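# A structural walkthrough
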Amino acid sequence: SLAAAVATFRRAAARWGLPEKFYADRGSAYDADGFRKGLAVLGIHRINTRPRNAPAHGKIEAYHRQLQRWFIAELAHQPLRDRAHLQELLDAFLDRVYHEHVHRELKQTARAAFADTLSPRLVSLARLREAFLLESDLKAHPITGEVRVGGTLFLVPKERLFQGRRVRIGLDPEAAHAPFLVLGP
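Residues numbered from 1 in each chain as written. Predicted model: local features only at pLDDT ≥ 70, side-chain atom pairs only at ≥ 80, totals over all residues. Heavy atoms only, no water.

## Examining the sheet that holds strand S5 (residues 134–139)
Taken in spatial order, the three strands line up as S5-S8-S9 in an open sheet, and their pairing is antiparallel. Single-partner strands in this sheet number two, and they are S5 and strand S9 (180–182). Recorded for the sheet is a direction-independent mean angle of 45° between the axes of neighbouring strands. Taken together, the three bridges between strand S8 (residues 166–171) and S9 define a ladder with antiparallel strand orientation. Of the residues in S9, the one forming a bridge with Ile-169 is Leu-181. (Pairing = 2+ DSSP bridges. Helix = DSSP H or I, 4+ residues; strand = E, 2+ residues; numbered from the N terminus. Axes fitted to C-alpha atoms, helices over the stretch in contact; angles between N-to-C directions.)

## A few points about the environment of Asp-95
Tracing the sequence through the fold places Asp-95 in helix H5 (residues 83–96). Residue contacts for Asp-95: discarding those within four places in its chain leaves Glu-100 and Arg-111. (Contact = heavy atoms within 4.5 Å.)

## A look at the pattern of salt bridges
As enumerated under the stated definition, the model contains seven salt bridges in all. Where Arg-96 meets Asp-95, a salt bridge forms, and the shortest distance between an N and an O atom there is 3.7 Å. With a shortest N-O distance of 3.8 Å, Arg-129 and Asp-172 are connected by a salt bridge. Of the two residues, Arg-129 is situated in helix H7 (residues 125–131) and Asp-172 in the loop between S8 and S9; the sequence distance between them amounts to 43 residues. Relative accessible area serves as the criterion here: at 8%, Asp-172 is assigned to the buried category. Taken together, the shared-partner salt bridges connect Arg-10, Arg-129, Asp-172 and Glu-174 into one network. (Salt bridge = Lys/Arg side-chain N within 4 Å of Asp/Glu carboxyl O. Buried < 20%, exposed > 50% of the residue type's maximum accessible area, 1.4 Å probe, protein only.)

## Things to note about the nonpolar core
Among the nonpolar cores identified, the biggest contains 15 residues, and Phe-9, Leu-18, Phe-22, Phe-35, Leu-42, Ile-44 and Phe-132 are the most heavily contacted of them. Of all the secondary structure elements, the ones that give two or more residues to this core are helix H1 (2–16), strand S1 (21–24), helix H3 (33–41) and H7. The leading source of residues in this core is H1, at four residues. The next biggest cluster of nonpolar side chains, apart from the first, holds seven residues, and it includes Ala-140, Val-149, Val-167 and Ile-169. (Core = buried A, V, L, I, M, F, W, Y, C linked by side-chain atoms within 4.5 Å.)

## What about the environment of Phe-132?
One can find Phe-132 in the loop between H7 and S5. Residues Phe-132 and Ala-7, 125 residues apart in the sequence, show an inter-C-alpha distance of 9.8 Å. Look past the residues within four positions of Phe-132 in its chain and what remains in contact with it is Val-6, Phe-9, Arg-10, Gly-34, Phe-35, Lys-37, Gly-38, Leu-39, Leu-42, Leu-171 and Pro-173.

## Some remarks on the environment of Lys-158
Tracing the backbone shows Lys-158 in the loop between strand S7 (152–155) and S8. Between the alpha carbons of Lys-158 and Thr-144 there is a distance of 9.0 Å; along the sequence they are 14 residues apart.

Right, dumping it as structure tokens:
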């Protein structure tokens with residue numbers, strides 16, 4: 001989903017910095033206008049895979065095989081407390097198994113190749129959040145002041161006289177349940 005793609009990208013960029021380029025397939029989350037806009041705002045060039053591109057598909061398929069063999073198969077034997085616990089287990093798998101696997105083309109592990117280096121393109125958390133915000137102009141109902149955002153009705157403030165006028169609504173893909181009113185540029 002778009003929310004998962006944005007959340008994952010934000011966590012990675014907050015930890016490691018911004019990449020110069022982002023390699024993605026044509027999946028709906030990576031091809032969504034909100035995700036593409038966020039990458040453009042941050043100055044990241046998006047590289048699309050070509051259809052039936054065997055080398056590109058081979059890399060991601062190898063990653064999926066590793067996940068299936070060493071992580072998902074073991075989840076059946078692991079009691080899970082909650083989503084955060086699942087994330088901790090995945091992070092531990094990546095750290096202890098995946099990053100220690102010798103890459104065929106690099107002739108070394110991913111940990112050795114990257115050696116925990118940070119990108120010189122660091123970004124503030126506020127800028128990272130703002131880059132992926134979605135904005136749209138909607139008209140509030142003239143009597144009730146209701147605005148429909150994604151199938152849910154929200155009320156605009158009456159004291160600001162927004163009823164019956166066009167309002168700018170902001171939405172964070174990670175918090176789609178909490179749209180907000182954009183009052184300035």
